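# Structure at a glance
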Amino acid sequence: MILFNKLMKMFIVLLLFVGLGFSNQLTAEAAPVMWGKTELKLGQIGKVTILKETKLVKMENGTLKEVRKLTKGEEFRVYSYKSEHSGLYGVGGGSFIQKDTSKVKYETPSKSKLALLEQQTTSPSNATKVMWGKTELKKGQIGKVTILGDTRLVKLENGSLSTVRNLKKGEEFRVYTYKSEQGGLYGVGGGSYIQKSTKVKYETPSKSKLAQLEALSAKEMKVHFIDVGQGDSILIQSPNGKSMLIDGGGKSKDDPVLNFLKAQGISKLDYVVATHPDEDHIGGLISVLKSNIKIGTFIDSGKVHTSNTYKEMIQLITNDNSIIFKTAKKGEVISFDGLLFNVLHADANASDNNDASIVLKLTYNQVSFLLTGDADTGIESEMMSKYNVKSTILKAGHHGSDTSSSAAFINAVKPAVTILSYGESNSYGHPNKTIVNRLSSSGSKIYHTAISGTITVKTNGTTYSVDGKTYTATGTTTGTTGSGTTAGTGTVAKPTTPVSNGKVVIKSKNLQTEEVVLENIGTTTVDLKNWVIVSVEGNQRFTLPTYSLKANQKVTLTSGSKGKTGTGYIKISGAQVWNNSGDPAQLLNPQGVKVSELK
């Protein structure tokens, strides 16, 4: 197996080098309780469907006043029932619909569904008891016995029973197990049993009560959406303390991912997943691979890339014989410490890095996470046609770009919570204003790493909590957080022209002729000394020499053997720099701040 993994890694390295020229406050949330295709809401007791035209009414001083006409097919949640006026279904907001079986159809969920709804809408911190009548159910309990007549509490030793003490009428015991030997034994804890007989009465809670008990007894898992600026990184900590890291953000002097792992006391990552080879997803994995954190299995998209970052990542994996290297396969299932990961997409042969993205659906009992990498709308459509994508929490694709999160996809996922991972004031215009509004309109609560920093979701598989500030899109450049306001950089629309927070921008680029044009859009001359131009695909940086770029003037950066020099030109390299199949260009000011990017 070690030899096979070594060969696999070497094969990837060979492919790379053959023919390559370049590359809130704590908010408790309840997991949705589904009744067919309807999500039950707190207080709901049923629903009404309009069969024929009727009226939505309000009750004022004992009489009914029409609010509006209702048409066939409309549906309403029912929260109460009043017997007056031949029956009134309360549908919220002080409005009612009259009971008339010829015009409306009323349906109610099962009692177990309503019990589960009531339980799950209690926050994890308060949901500490499951009551069964006047009895509080305990972890592992399956029922109780009540003593009806004198009998014995016994222990089972070497196949025979020995008396612990005599029991009297009226005593009650919790039952945790049942053994069929000796005519039936109710296990009441501590290695003690009570024999099944006419002298004891056994009762068991409903399945819904036992489901509630199991849920509250379940161990907690955590999913951290790490604040890495413009990029993605997700740490999953399983119920029993195992760890999976999905992506590592971009390269950074601060090493936010590595530092976060150390702060969490992580000494081993059982799994590391690189969703696709973009630098803002794998750059931070370099520091992790170089650290003393042990890695069990590394899962890659299989998409070969030309960048130095990707080549370095693969080389580090190759050099460590202890790492098992795998390529993700669409449709496979990874079982990991009580968690299920379904691979909904992966494509090693994709023509575009984003199209290669590994998409994972993580399921822990009733709570699920859809982690989409940078998958675009085409991939979303493909997944919808093959899989159930409905999930409790969505990590929005491509940092909230309009290349992802189609209306159809959001409608299919129906996320209660959406996480947007991006850097504040990024030059891409992430997240797109239309996408944020679309998510908000869907009813999803939205959390932004650029606003909240690292966002942590905790769940026992039934209830969950989100540690972060919710953000409401308003269609403007501000949103609301609590009672105050937060600058809504996340709602700025994606620009159609290069964005700059300085006075110099990248005006245009020609990858074939190796020319990038800079323009001074300010009113004063700018000295370009120590400004840096970056080839993102190749992860190559070139520091510019002294050059006075006057207001409203341009200069062309050239490279390659035919690169031009002289007035209006700066030659940055004698070698080819740009990847002809696609290579974003970034411009950094002397302080290292990215002021412009052109894809």
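First, a word on what this report is: a plain description of the structure on this page. Since we're looking at a predicted model, the values are computed, not measured.

Reading the values: rules and limits
- Residues numbered from 1 in each chain as written.
- Predicted model: local features only at pLDDT ≥ 70, side-chain atom pairs only at ≥ 80, totals over all residues.
- Heavy atoms only, no water.
- Helix = DSSP H or I, 4+ residues; strand = E, 2+ residues; numbered from the N terminus.
- Areas by Shrake-Rupley, 256 points an atom, 1.4 Å probe, with all protein chains shown as cover.
- Buried < 20%, exposed > 50% of the residue type's maximum accessible area, 1.4 Å probe, protein only.
- Arc of directions from axis to C-beta.
- Polar contact = N/O pair within 3.5 Å; in protein donor to acceptor, adjacent residues only side chain to side chain.
- Core = buried A, V, L, I, M, F, W, Y, C linked by side-chain atoms within 4.5 Å.
- Contact = heavy atoms within 4.5 Å.
- Salt bridge = Lys/Arg side-chain N within 4 Å of Asp/Glu carboxyl O.
- Pairing = 2+ DSSP bridges.
- Axes fitted to C-alpha atoms, helices over the stretch in contact; angles between N-to-C directions.
- Phe/Tyr/Trp six-rings, centres within 6.5 Å; stacked < 30°, edge-to-face > 60°.
- Lys NZ or Arg CZ within 6 Å of the ring centre and 35° of its normal.

## A word on the overall build of the protein chain
- A count of helical and extended segments in the protein chain gives 11 helices and 49 strands.
- A total of about 27700 Å² of accessible surface is found on the protein chain, and carbon and sulfur atoms cover 49% of it.

## Focus: helix α8 (residues 377-386)
- Within α8 the residues assigned to the buried category are I379, E380 and M383. Buried residues in α8, looked at end-on, bunch into an arc of 105 degrees, giving them a common side.
- The N-terminus of α8 is capped by D376, whose side-chain oxygen sits 3.1 Å from the backbone nitrogen of G378.

## A short note on the nonpolar core
- Counting 32 residues, the largest nonpolar core has F225, I236, F341, F369 and I393 as the members making the most contacts within it.
- Residue contacts for F341: discarding those within four places in its chain leaves I236, M244, E332, V333, I334, F336, L360, K361 and L362.
- Membership of the second largest hydrophobic core comes to 26 residues, among which are I226, F260, A274 and I295.

## Concerning the pattern of salt bridges
- Going through the model one piece at a time under the given rule, you end up with 13 salt bridges.
- Between D232 and K395 there is a salt bridge whose closest N-O contact spans 2.6 Å. Highlighted residues: D232 in the loop between β22 (221-225) and β23 (234-237) and K395 in strand β32 (residues 393-395), separated in sequence by 163 residues.
- Exposure remark for D232: the relative accessible area of 2% places this residue in the buried category.
- If you follow the salt bridges from partner to partner, you end up with K251, K290 and E312 in one network.

## Details of the environment of S404
- Structurally, the position occupied by S404 is in the loop between β32 and α9 (407-413).
- Relative accessible area serves as the criterion here: at 1%, S404 is assigned to the buried category.
- The spatial distance from the C-alpha of S404 to the C-alpha of I379 is 8.8 Å, given a sequence separation of 25 residues.
- When neighbours within four sequence positions are excluded, S404 is seen to be in contact with D374, A375, D376, T377, E380, G397, H398 and I435.
- Separated by 2.6 Å, the side chain of S404 and the backbone oxygen of A375 make a polar contact.

## Re the pairing of strand β9 (residues 88-92)
- Summarising burial for β9: 4 of the 5 residues are buried, a large majority.
- In the sheet, strand β8 (residues 80-82) pairs with β9 via 3 bridges, with the strands oriented antiparallel. Each bridged residue has a counterpart across the sheet, and for S80 the counterpart in β9 is G90.
- Bridge count for β9 against strand β10 (residues 95-98) is 4 bridges, and the pairing is antiparallel. The residue bridging G90 from the neighbouring strand is F96, located in β10.

## Focus: the pairing of β10
- One ladder, built from 3 bridges, connects strand β5 (residues 54-60) with β10; its direction is antiparallel. Its bridge partner being in β10, V57 is matched across the sheet by F96.
- Hairpin geometry of β9 and β10 is characterised by an intervening segment of 2 residues between the two adjacent antiparallel strands and by a positive phi of about 65 degrees at G93.

## Brief notes about the environment of H399
- Here H399 lies in the loop between β32 and α9.
- Along the primary structure H399 and Q230 are separated by 169 residues, whereas in three dimensions their C-alpha atoms are 8.1 Å apart.
- Look past the residues within four positions of H399 in its chain and what remains in contact with it is Q230, G231, D232, D280, H281, D374, L420, S421, Y422, H430 and P431.
- Of the polar contacts made by the side chain of H399, one reaches the side chain of D232; its length is 3.4 Å.
- A polar contact is formed between the side chain of H399 and the side chain of D280, at a distance of 3.1 Å.

## A short note on the sheet that holds strand β40 (residues 504-510)
- With mixed pairing, the 4 strands of this open sheet are ordered in space as β40-β41-β46-β47. With partners counted over all chains shown, the strands left at the sheet margins are β40 and β47 (569-573), one partner each. Pairs of neighbouring strands in the sheet enclose a mean axial angle of 25 degrees, with direction left out of account.
- With 5 bridges joining them, strand β41 (residues 515-520) and strand β46 (residues 554-559) adopt antiparallel strand pairing. Across the sheet, the residue bridging to E515 is T558, located in β46.

## Some points on the sheet that holds strand β7 (residues 75-78)
- Taken in spatial order, the 3 strands make up an open sheet running β7-β4-β11, and their pairing is antiparallel. Looking at strand neighbours, the two that pair on one side only are β7 and β11 (104-107), the edges of this open sheet. The sheet shows a mean angle of 20 degrees between the axes of neighbouring strands, taken without regard to direction.

## With respect to the packing of aromatic side chains
- Scanning the model with the defined rule gives 7 aromatic pairs in all.
- Here the aromatic rings of Y81 and Y89 are separated by 5.4 Å at their centres, their planes lie at 50 degrees, and the arrangement is tilted.
- Centre to centre, the rings of F336 and F341 are 6.2 Å apart; their planes meet at 45 degrees, and the pair counts as tilted.
- What makes F341 buried here is its relative accessible area of 0%.
- By the ring-pair criterion, three or more aromatic residues cluster together here, those being Y81, Y89 and Y106.
- Here K47 stacks its cationic end above the ring of W35, 5.5 Å away from the centre of that ring.
- Of note, K144 hangs over the ring of W132, and the distance from its end group to the ring centre comes to 5.3 Å.

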